[in-house]
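Listed below are the residues making up each chain.
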Amino acid sequence: MELKYWLLAVGVVVAMSYVSVEGAPGTDCTGNVTLCNANETCNNNKCACIPAYKNMSSECVAKGYDDACTDAADCKSGLLGAMGICTSNKCACMTGYSVYMNMCRRGYNDTCTNSDECTSGPLGAMGICTTGKCGCKTGYSWKAPTCQSVNGAAGLTISITLMLGALLSKNIF
């Protein structure tokens, strides 16, 4: 490659490294807030995330569990939703809810009024509301992070063996 083309290529690469993402947090927005992206505002002539959002990879994303906050509104815009609260300057779930897949959901031993509240979190289809607390349905027990069969694989093996024995004794095979 000729020297002049090599120098041109290096110049292009260097120039590209200084190009900022338009509207990203930190972009100059002097006199024009429309230069900022969604969930941003123009603060001190620079695009910045609005209070309920944080800068992640040059994009403002909703705050989530354990992110810094100053009030409850900071924690309600993202996956925590209406159950998000700000406690000790960190986003968390309100009492009666546990964080599950970055969302506030009812988990084991959380308060409930009906079984539907217990099935959206870690208990899944095996969740049930009993005496105001989420737990596991009969035949299942809590083994973090889910409700698991009390019988397990050994119970299944015994059940299959008993069924085969019963069928063989009837001369079905």
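These remarks concern the structure in this document. In this text the structure is predicted, and so the values were computed from the model without any measurement. (Residues numbered from 1 in each chain as written. Predicted model: local features only at pLDDT ≥ 70, side-chain atom pairs only at ≥ 80, totals over all residues. Heavy atoms only, no water.)

## Re the overall build of the protein
Cut-off, in case you're wondering: Starting at the N terminus, helices and strands are each numbered in turn, a helix being any DSSP run of H or I of at least four residues and a strand any DSSP run of E of at least two. Think of it in three bands: with a 1.4 Å probe and only protein chains considered, a residue is buried below 20% of the maximum accessible area for its type, exposed above 50%, and partly exposed in between. Note that accessible areas follow from Shrake-Rupley with a 1.4 Å probe, and for residues the cover is restricted to the protein chains shown.
Tallying secondary structure elements over the protein gives two helices and 12 strands in all. In sequence order, the secondary structure elements of the protein are arranged as α-β-β-β-β-β-β-β-β-β-β-β-β-α. Across the 173 residues in the protein, those meeting the buried criterion constitute 25%. Within the structure as shown, the protein displays about 11400 Å² of accessible surface, and the carbon and sulfur contribution to it stands at 59%.

## Some thoughts on the pairing of strand E11 (residues 140-143)
Under the convention used in this document: Two strands are counted as paired when DSSP detects at least two bridges linking them.
Two elements, E11 and strand E12 (residues 146-149), share four bridges in a ladder whose sense is antiparallel. If you follow Trp142 over to E12, its bridge partner there is Cys147. The hairpin turn running from E11 into E12, its antiparallel successor, is two residues long.

## Overview of the packing of aromatic side chains
Test applied: Each Phe, Tyr or Trp ring, with Trp reduced to its six-membered ring, pairs with another whose centre is within 6.5 Å; inter-plane angles below 30 degrees give stacked pairs, above 60 give edge-to-face pairs, and intermediate values give tilted ones. Definition used: whenever NZ (Lys) or CZ (Arg) falls within 6 Å of the ring centre and also within 35 degrees of the ring normal, the charge is taken to sit over that ring.
The full count for this structure, using the stated rule, is one aromatic pair. Relative to Trp142, the ring of Tyr108 lies with its centre 5.1 Å away and its plane at 5°, an arrangement referred to as stacked. One end of the pair, Tyr108, is in the loop between strand E8 (103-105) and strand E9 (127-130); the other, Trp142, is in strand E11, with 34 residues separating them in the sequence. Directly above the aromatic system of Tyr97 lies the positively charged group of Arg106, at a separation of 4.0 Å from the ring centroid.

## Points about unusual backbone geometry
The step from Ala144 to Pro145 runs through a cis peptide bond, and the omega angle for that step is 15°. Checked against the element boundaries, Pro145 lands in the loop between E11 and E12. Notably, Asn39 is not glycine yet its phi reads approximately 65°, a positive angle. Relative to the assigned elements, Asn39 resides in the loop between helix H1 (3-17) and strand E1 (40-43). In this structure, Ser58 is a non-glycine residue whose phi angle is positive, near 65°. In this structure, Ser58 sits in the loop between strand E3 (53-56) and strand E4 (59-62).

## Overview of the state of the cysteines
A disulfide bridge is the covalent bond that connects two cysteines by way of their sulfur atoms. Threshold: To count as a disulfide, a pair of cysteine sulfur atoms needs to be within 2.5 Å.
Tallied over the entire structure, the rule returns nine disulfides. A disulfide bridge connects Cys49 with Cys60, and the sulfur atoms are separated by 2.1 Å. A torsion of -90° about the S-S bond marks the disulfide between Cys49 and Cys60 as left-handed. Of this pair, Cys49 sits in strand E2 (residues 46-49) while Cys60 sits in strand E4, and the two are 11 residues apart along the sequence. Here Cys93 pairs with Cys104 through a disulfide, and the sulfurs are 2.2 Å apart. Here the disulfide of Cys93 and Cys104 is left-handed, its torsion about the S-S bond being about -95°. Placement of the pair is Cys93 in strand E6 (residues 90-93) and Cys104 in strand E8, with a sequence separation of 11 residues. The class for Cys104 is buried, based on a relative accessible area of 4%.

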